[in-house]
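# Working through the structure, step by step
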Amino acid sequence: MHVRALSLRDFRSWEAAELEFSPGRTVFLGSNGNGKTNLIEAIGYLSTLGSHRVAADAPLIRIGAQKARIGATVVNTGRELRVDMELNQGQANRAQINRSPVRRPREILGILQTVLFAPEDLSLVRGDPGERRRFLDELATARLPRLAGVRADYDKVLRQRSALLKTAGRNARSGSRGAELSTLDVWDGHLAGHGAVLLAQRLRLVHELYPHLAQAYSGIAPESRPATIAYRSASLPPELLDPARSPQPEDESELEAILLRELAAARPKELERGVCLVGPHRDDLELMLGSAPAKGFASHGESWSFALALRLGAFELLRSAGTDPVLILDDVFAELDRRRRTALAAVAAGAEQVLITAAVPEDVPAELEAAPLRVETTGEADRRASRIVESASM
Ligand SMILES: Nc1ncnc2c1ncn2[C@@H]1O[C@H](COP(=O)(O)OP(=O)(O)O)[C@@H](O)[C@H]1O
Ligand SMILES: [Mg+2]
């Protein structure tokens, strides 16, 4: 698939922009701070409903504006769809498909698939488990958009159950026995139900991503030890976590039963601590190099290679379903040595559409060269706005 047109209004440093792209590669060139990442962040937002840089939407709205708009025309095997997002300050965001409002923004998920590789991805290897859970969940949702609803339901149940645990724990300690305990049973059921669907999809994803990841890593860093991934969960038996095991249709009900059992066993501790100790929000994706965990053991270069391999593996996995996701490479070539540049360039050269940002033309490998779009800013202080000034040759 590819993005044919992009329009931005008051998105970060972009006051107004109407851009047209063709398949193949597009290079955005400009010195730091001019708005290159802002541009590709907007495209990424349409595919995940989130920024790869910040957790909240507020920073995405241009300073002084009340709302930001991102619109794109996406071409997928000859069929065009227009998606529009409106990010509102202090109000619910709104979305449209082909100019018709949809009930929830998450209905646009799946229309635009992207794989975005950026300097922030180092935290996939070095950061907290939450970074890796987000990687898994965003990729799983790209493959199965209805998972977005399951994730939202799970998060809601988790918040309410955690609040209830706190109240119940307080009451138990003060000797009063409220109605919370029977309510808690109901929430256990919801948590286990949504949690099992999410877990089953994560396990399936790890099983299918695993060979792509291993292959991508050995292509990028053949001299290094082999890279593997495995899902980690304190609640689940090891045999279910083996990435080589093929997921089965009956997994979901088994996972639900396991979660219910584990919740029952953890109940006293949960009441004591006032936190939810069982469920996919506690899990992690373990990244291994040979027999050592990448986190803590991998060198800087190996960490970069692992992060890149996760993204390239995701690209190959999505592609294997029939259509190329849009590959977005944000300022990454400057960070990579020659071998990793070449490996990334080889994958990128074969992708339907690649959007690349770089500060200087020398950062873009020769095989990906294209007439660059130059990104600049004009204006003063808070009124500074990004614009595309010219198409120069590299
Ligand atoms: N909400 C916003 N409103 C206006 N400007 C913003 C907003 N968020 C970020 N910026 C500006 O965008 C610029 C950074 O843009 P970025 O795309 O990260 O640059 P680069 O070209 O280096 O990738 C900074 O100058 C920052 O002040
Ligand atoms: Mg940038």
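Notes on the structure in this doc start here.

What counts as what
- Residues numbered from 1 in each chain as written.
- Chains lettered and ligands numbered in written order.
- Predicted model: local features only at pLDDT ≥ 70, side-chain atom pairs only at ≥ 80, totals over all residues.
- Heavy atoms only, no water.
- Pairing = 2+ DSSP bridges.
- Helix = DSSP H or I, 4+ residues; strand = E, 2+ residues; numbered from the N terminus.
- Contact = heavy atoms within 4.5 Å.
- Axes fitted to C-alpha atoms, helices over the stretch in contact; angles between N-to-C directions.
- Buried < 20%, exposed > 50% of the residue type's maximum accessible area, 1.4 Å probe, protein only.
- Lys, Arg positive; Asp, Glu negative; His and termini not counted.
- Salt bridge = Lys/Arg side-chain N within 4 Å of Asp/Glu carboxyl O.
- Polar contact = N/O pair within 3.5 Å; in protein donor to acceptor, adjacent residues only side chain to side chain.
- Expected span 1.5 Å × (residues − 1).

Quick look at the sheet that holds strand S11 (residues 292-293) now. Within the open sheet, the three strands sit side by side as S9-S10-S11. Their pairing is antiparallel. Every interior strand has two partners, whereas the edge strands, strand S9 (227-232) and S11, have only one. Two strands pair when backbone bridges link them, and strand S10 (residues 284-289) and S11 are joined in this way by two bridges, in the antiparallel orientation. Among the inter-strand pairings, Leu289 is bridged to a residue of S11, identified as Ala292. Of the strands in this sheet, S9 and S10 touch helix H3 (residues 129-143), which is tilted by about 100° from S10. The strands touched by helix H9 (residues 300-319) within the sheet are S9 and S10, with S10 carrying the most contacts at an inclination of about 125°.

Attention shifts here to the side chain of Asp283. Among the secondary structure elements, Asp283 is positioned in the loop between helix H7 (251-273) and S10. This buried residue, Asp283, is left without a salt bridge; Arg202 holds the nearest opposite charge, at 4.4 Å. Looking at Asp283, its side chain comes within polar contact range of the side chain of Tyr231, at 2.7 Å. Engagement of the side chain of Asp283 in a polar contact is seen with the side chain of Ser233, the distance being 3.1 Å. For Asp283, the residues in contact, after removing those within four places along its chain, are Pro129, Arg133, Leu199, Arg202, Tyr231, Arg232, Ser233 and Ala234.

In this fold, Arg202 is placed in helix H5 (residues 180-220). Among the polar contacts made by the side chain of Arg202, one reaches the side chain of Tyr231 at a distance of 2.7 Å. Contact partners of Arg202, with chain neighbours within four places excluded, come to Arg133, Leu136, Asp137, Tyr231, Pro280 and Asp283.

With twelve residues, helix H10 (residues 338-349) should cover 16 Å at 1.5 Å per step; its first-to-last C-alpha distance of 16 Å lies within 8% of that length. Buried within H10 are the following residues: Arg340, Arg341, Ala343, Leu344, Ala345, Val347 and Ala348. Those residues of H10 hidden inside the fold are in contact with strand S8 (114-117), H5, H9, strand S12 (326-330) and strand S13 (353-358).

The next subject is the pattern of salt bridges. Enumeration according to the criterion identifies 30 salt bridges in this entry. With a closest N to O distance of 2.8 Å, Asp284 and Arg132 form a salt bridge. Placement of Asp284 in strand S10 and of Arg132 in helix H3 is noted, with a sequence separation of 152 residues between them. Accessibility expressed as a relative area gives 4% for Arg132, which makes it buried. Its salt-bridge partner being Arg339, residue Glu223 comes within 3.0 Å of it at the nearest N-O pair. Placement of the pair is Glu223 in the loop between H5 and S9 and Arg339 in helix H10, with a sequence separation of 116 residues. Here Arg339 falls in the partly exposed class, since its relative accessible area comes to 44%. One salt-bridge network, in which partners are shared between bridges, spans Arg161, Asp185, Asp188, Arg267 and Glu270.

This is a description of form; function is not addressed.
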